[in-house]
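Examining the three-dimensional arrangement
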Amino acid sequence: VRPFAFVEPEGLMATLTFLREHGHQAKLMAGGQSLLLGLKDRSVRPAYVVSLARIPELKVWRYSDHGELEIGAAVTYARLARVPLQGWHAEIAAVAGNLADRCVRNMGTIGGAACHGDPRFDFPTLLVGLRANVTIAGIDGSRVVSAEDFFDAGGVRLAASEIVTKFRFPQQSAFSAVAFEKFRYRMFDAALASVSVACARDAEGSLTELRVVVGAVDKSPSLVKGAVRGLIGKPFAEAYRPEFAVQVAEEIFGVQVPAGRMQRFKFELTKTLVANAMARVLPRLGRET
Amino acid sequence: MDDKVRPKGRSSPLQSGKLVGQSVPRKEDLAFLTGTARYIDDLRIPGMLYAKILRSPMAHARVKGIDYSKALGMPGVRGALCARDLIGKVKPWGDMMSDLLVGNLFPFATEKVLYEGQEVAAVVADTKYQALDALDAIRVEYEELPAIIDPEAAIKPDCPIIHEGTNYEFGDGNIFDRYRIRVGDIAAAERDADVVVRQRFTTNKQAGAALDPHGCIADYDSFTGILTLYASTQSLYMMRDALADALQMPRNRIRVVAPDVGAGFGSKAQLLGHDVIASVFSMQLGKPVHCVLGRGEIFRAGTTRNSQVRYAEMFLKNDGTIIGYRDYIVHNCGAVSMLGNQVVQVGTGVGMLPYPIPNIHVDADCVYTNLAPGGALRGFGIPQTLWAKEQLVDMAANALGMDPVDIRARNVINSADCPFRTPMGQIVDTTSVSDCVQKAASAIDWKRLRSNRVPFEGVGMAVGMKYTSARHPSFDTDLSAVRLRLETDGTVTIYSSDLNHGQGHATFLSQIVSDVVGAGFEKIRLAAPDTNNSPFGLGTWGSRGAAVLGTACRLAAERLRKKLFQIAAHVLDERLENLEAGGDKIYPRGSPESGLWLENLAGFCAYRTHQLPPDFEPSLEVMATYDTPTDRQAPDGTGNLSMTYSTSVHTAHVRINPGTGRVTILRYVIASDSGTVINPQIVEGQHLGSFLMGLGMATGEDYVYDDNGHLLNGSFKDYLAPLATDVPDHIELYEIPAPSTAIPGGQKGAGETATGPVPPALGNAIAHAIGVRFTELPITADRVLLALREKQARGMEVFRYPDDMPDFKGPRNHDAWPRSRATDEGLFL
């Protein structure tokens, strides 16, 4: 570790004020699980490490008046895993409880994972997959961007003077069923490929939205646009074909078989994970009776 | 006989007569479990400085210049070193252990860097952070050279030389040593064979990966001229002698002390550059110097398992009898061999067991590449041999339509034939390998799993034997020693330089001493390993702890008992033959309530010497050594390098996920012959640890390099060592002891036997499950899935990975195999 100054500003405004002056030399620390690894091997060398521990509003979650699920950026995985979320929101808690190891889940935060921007982490994929948006505070006020726009080619669109304060997932009615699937070598490893599927249908059983996002295979989560088109507006159970998984993989990787063992493996994994995720959502998409 | 080895509850060891054979709770564990054990990085000496090493970011480059002048001016910095400061002052080492004409190890890269992570310069400062900051200020000018990472490219005659200007006794170019086995007549075996199976196999580069890092504190006393080295090591005296040789100091002025050592696995058996660097700094400054390596440094500069390419062939008769084995091995030792050539010699010869193959022809080229140093690692060459040989056995069984269990049962050594001399020259004193084969098969329900096929499930077997200690070709010794002292209060102190790094020395040595001398287990203590008071011995490696050190301990305890009996016979006016030891007493047979306390006998010896028999030397401090009476290796590769051989037979029941390629081990059975088991719980731990290391080799561990020789996975985050969650839920251990008749006490080595069979047992099980024969390690999910897809796409019944993949670059078939350039000319065969 290189020497740095550790600062713990009291409250959001004090933190933002500090960042306005020193943001470009500072690293924010929430749970520290990614930052400390970089500090220890001296690949990250900030002049200031700014603790977010004294900003209480980052640590809360709640349902908004409209039923949207709001999760503070400094909510830990362990805390989120224990939240009794209902309906498809429960998948968010399940993902939080099934990544890394217990020590990382106890300290690591959703905001930290998102801002680190590592596409192998689960939450970037999940945030884009569930059409979440990101609230970002600056000294002059807050702005809200979609998760899709937040993640950008391996990085995140966040100024050095800003802080991510919360994530907002859509209300229950937005989706009928959600499934997140991933593959990792070992229990505590980051994903080699991950897939988020979220779909909505109307009372007739016709599909109104199918949102498929593939993570860990590119620098940022990849939203599938083409392969889903043919299914919209149709009764899902009838229209769905197993070839869908192949179409998704080919859309992400190209029709040519990718070169290199790991890319080809991810291509094959994507097919499997899409099929597995679809198998989980399909039973919940039948005609309402 | 074949009871499962499970700790027998918490039965008090003090209730029954003898402790050998009981799962006495380990003396070591209290400190480890309470966090009070002290490893090298826990030691603090007043005034201690910190050394840090600048390592090469390139795998192969000329060093054009090093400038550390700016670093010397930085806060807290006390000194800096690089090669030019030590050339002509420090002697290269490594010649003795690797049997080379000239040592190939030096604290720093000289004209060239040979691998990423090689030492280039070092600084010493008041704090480790100042030292690290100062490293940033050192300027090194490199001229990068192409990295040679493929061992088969390295042996081509036109390949650039890695170690320039060095002459080898048996090698040429990047081949620094060669090894041969010439047993029987391989041409006749090939002619007479009904079935021949041949396959190119490759193995992976596995890390030493001891959790406790490599490191030392050097503490030179400029007044007495004595250099003390606290080191995380497996061998006090090999460390001391190599350091004394490197520094050209008298050996009685170097003291090596080991703190608690958190494993070594073979990677801490030799002197490394940082030990010399810390010593030189300490001697220059007269202050203690700490130098403990980080994980990234250990991955790059610690030793690894040598990877191999093997062109292996097996010759059989129609009834399944193996009549010949031929192999050409390209043995990749990385940039610097640390016992690497010994690995292929001992590992290949002993790896032929348990089949007494009459005709064997092996050529091995030991080759340098620009990869991390290779050398000793748990199993010492046997896992690489078994990966090829035990899969060939299954391929032969398939070709002959035989069951893999039956073909092995037909070929293994029968216990009734023991002692049995194999054509390789090994004398197997006793073995239960045949029973182990049957037990491993029946316990996993072999017959049912073979006949009732479940899609994507399979079962496989592999058999291995391991030497118990060895007379290595490079040095003609296999020596351990124990000194015992009965203290004046009846307690006993054990001195040994063969130290514990996971084997439970304090426990199993105390069990032996307690049984022989009669002192209570809790009154026996193992002194900390320290060359100031520990007798000379080779160290803890090669599965030598229980058998060789244990025998030295038994002999010392018997000497001590004899002296105690002499005093007791004199004082009690009893006949020597009529005395017994037990319950902290020496007493007339059958009268344990009478007799003399050990405390009294010790007291006579120290403070009441008129009680002693006439001419009795008044000392209860005795020493014994044991040097196994083994053979040196003959020029044809034969010889009995070990007194006894332990066995491990594995069966695995696996399931493959056809969507992800993940291999799940549903059940795993290990049937072992470890001879007389001193402490079943310790032996169980050794078997499980061995298995786990084999599991890592089989399923995930490997050094991944880019084309420039940069290590891409040099951290535990990326290096796929098995986690606790990767250990199969169902592992069953069975022990079928065939007590050694060659080792007094009957024990055989147990520390490494269960490593080697794991990769081929899983390889065979996977081949049975999905028809994919893996010839490359490790077997990761990505390889399994891609093999499965390719096999399905091409509709093949039997598929070899990677040989049948479209992008495979090596020779696919026997006609395209390379041959060794070595000739037998000039060899006295």
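Structure: above.
Small disclaimer: the values here were computed from a predicted structure and weren't measured.

This brings us to the overall build of chain B. The number of helices and strands found in chain B is 21 helices and 33 strands. Taken over C-alpha atoms, the radius of gyration comes to 27 Å for chain B, in line with the 28 Å a tight globule of 829 residues would show. Along the first, second and third principal axes, the C-alpha atoms of chain B reach 90 × 70 × 55 Å. Evaluated residue by residue, chain B yields a buried proportion of 65% over its 829 residues. Intrachain contacts of chain B at a sequence separation of at least 6 include 78% that bridge at least 24 residues. When the accessible area of chain B is evaluated, it comes to approximately 29,200 Å², of which 51% is carbon and sulfur surface.

The subject of this paragraph is the pattern of salt bridges. If you walk through the whole model with that rule in mind, you get 74 salt bridges over all chains. In this structure, B:Lys389 and B:Glu390 form a salt bridge, with 4.0 Å as the shortest nitrogen-oxygen distance. There is no split in this pair, since B:Lys389 and B:Glu390 are both buried. Among the ionic contacts, a cluster of salt bridges with common partners joins A:Arg2, A:Arg42, A:Arg45, B:Asp133 and B:Asp136.

Residues and elements named next belong to chain B. Among the nonpolar cores identified, the biggest contains 148 residues, and Tyr-325, Ile-360, Met-461, Val-654, Tyr-668 and Leu-762 are the most heavily contacted of them. Apart from residues no more than four positions distant in its own chain, Ile-360 is found in contact with Ile-181, Arg-182, Val-183, Ile-186, Tyr-325, Met-352 and Met-424. Core analysis: the second largest hydrophobic core is formed by 44 residues, Val-517, Leu-564, Ala-569 and Leu-612 among them.

A word on the pairing of strand S30 (residues 663–673) of chain B. Residue and element names in this part refer to chain B. Bridge analysis of strand S29 (residues 645–656) against S30 gives 10 bridges, and the strand direction is antiparallel. Paired with His-653 across the strands is Arg-667, a residue of S30. Where S29 folds back on S30, the antiparallel hairpin that results is connected by 6 residues, among which Gly-661 adopts a positive phi of roughly 80 degrees. In this sheet, strand S31 (residues 731–735) lies alongside S30 in parallel orientation, the contact comprising 5 bridges. Residue pairing in the sheet places Ile-670 in a bridge with Leu-733 of S31.

A few words now on the interface of chain B and chain A. When the parts of a complex come together, some accessible area is lost, and that lost area is often used as the size of the interface. At the junction of the two partners, chain B supplies 26 residues and chain A supplies 20 residues. Taken together, both faces of the contact between chain B and chain A bury some 2,100 Å²; the carbon and sulfur share is 55%. Remark: the boundary between chain B and chain A carries 8 salt bridges. Looking at the side of chain B that touches chain A element by element, the count peaks at 6 residues for helix H21 (residues 781–794) of chain B. Split by residue class, the side of chain B that touches chain A holds 12 nonpolar, 4 polar and 10 charged.

Attention now moves to the sheet that holds strand S11 (residues 177–183) of chain A. Residue and element names in this part refer to chain A. Sheet architecture is open: 4 strands sit in the order S11-S12-S13-S14, paired in antiparallel fashion. Of all strands in the sheet, those with a lone pairing partner are S11 and strand S14 (222–224), marking the two edges. Adjacent strand axes in the sheet meet at a mean angle of 15 degrees, parallel and antiparallel pairs treated alike. Direction of pairing for strand S13 (residues 207–215) relative to S14: antiparallel, over a ladder of 3 bridges. Within the sheet, the bridge partner assigned to Val-213 lies in S14 and is Leu-223. Those strands touched by helix H7 (residues 122–129) are S11, strand S12 (193–201) and S13, and its axis lies near 160 degrees from that of S13.

Attention shifts here to the sheet that holds strand S8 (residues 195–202) of chain B. Residue and element names in this part refer to chain B. Overall, mixed pairing links the 5 strands, which are arranged S7-S17-S15-S14-S8 in an open sheet. In this open sheet, the two edge strands, each paired with only one partner strand, are strand S7 (175–183) and S8. When the angles between neighbouring strand axes are averaged without regard to direction, this sheet yields 5 degrees. As paired strands, S7 and strand S17 (residues 360–367) are joined by 8 bridges and run antiparallel to one another. Residue pairing across strands places Arg-180 opposite Asp-363, the latter belonging to S17. With respect to the sheet, helix H11 (residues 340–351) is in contact with S7, strand S14 (307–316), strand S15 (322–332) and S17, its orientation differing from that of S7 by roughly 15 degrees.

What follows is about the environment of B:Gln118. Residue and element names in this part refer to chain B. Tracing the backbone through its elements, the reader meets Gln-118 in the loop between strand S4 (112–113) and strand S5 (119–125). Looking at Gln-118, the relative accessible area reads 8%, which means it is buried. Expressed as a C-alpha distance, the spacing of Gln-118 and Ile-138, which sit 20 residues apart in the sequence, is 15 Å. Those residues within four positions of Gln-118 in sequence are excluded, and the remaining contacts are Leu-54, Arg-55, Ser-56, Ala-109, Lys-112 and Val-113.

This paragraph deals with the packing of helix H11 (residues 243–253) of chain A against helix H12 (residues 261–281) of chain A. Residue and element names in this part refer to chain A. Put simply, H11 and H12 touch, their axes get as near as 8 Å, and they point 140 degrees apart. With respect to H12, the element H11 is oriented oblique. Considering the relative orientation of H11 and H12, their crossing is right-handed. Across from Phe-244, Ala-245, Val-246, Val-248, Ala-249, Glu-250 and Phe-253 in H11, the residues of H12 making contact are Gln-263, Lys-266, Phe-267, Thr-270, Lys-271, Val-274, Ala-275 and Met-278.

Basis of the calculations
Residues numbered from 1 in each chain as written. Chains lettered and ligands numbered in written order. Predicted model: local features only at pLDDT ≥ 70, side-chain atom pairs only at ≥ 80, totals over all residues. Heavy atoms only, no water. Helix = DSSP H or I, 4+ residues; strand = E, 2+ residues; numbered from the N terminus. Rg over C-alpha atoms; globule rule 2.2 N^0.38 Å. Buried < 20%, exposed > 50% of the residue type's maximum accessible area, 1.4 Å probe, protein only. Contact = heavy atoms within 4.5 Å. Areas by Shrake-Rupley, 256 points an atom, 1.4 Å probe, with all protein chains shown as cover. Salt bridge = Lys/Arg side-chain N within 4 Å of Asp/Glu carboxyl O. Core = buried A, V, L, I, M, F, W, Y, C linked by side-chain atoms within 4.5 Å. Pairing = 2+ DSSP bridges. Buried area = accessible area lost by both parts, 1.4 Å probe. Nonpolar A, V, L, I, M, F, W, Y, C, P; charged D, E, K, R; others polar. Axes fitted to C-alpha atoms, helices over the stretch in contact; angles between N-to-C directions. Parallel < 35°, antiparallel > 145°, perpendicular 65-115°, else oblique. Left-handed = near helix turned anticlockwise from the far one by under 90°.

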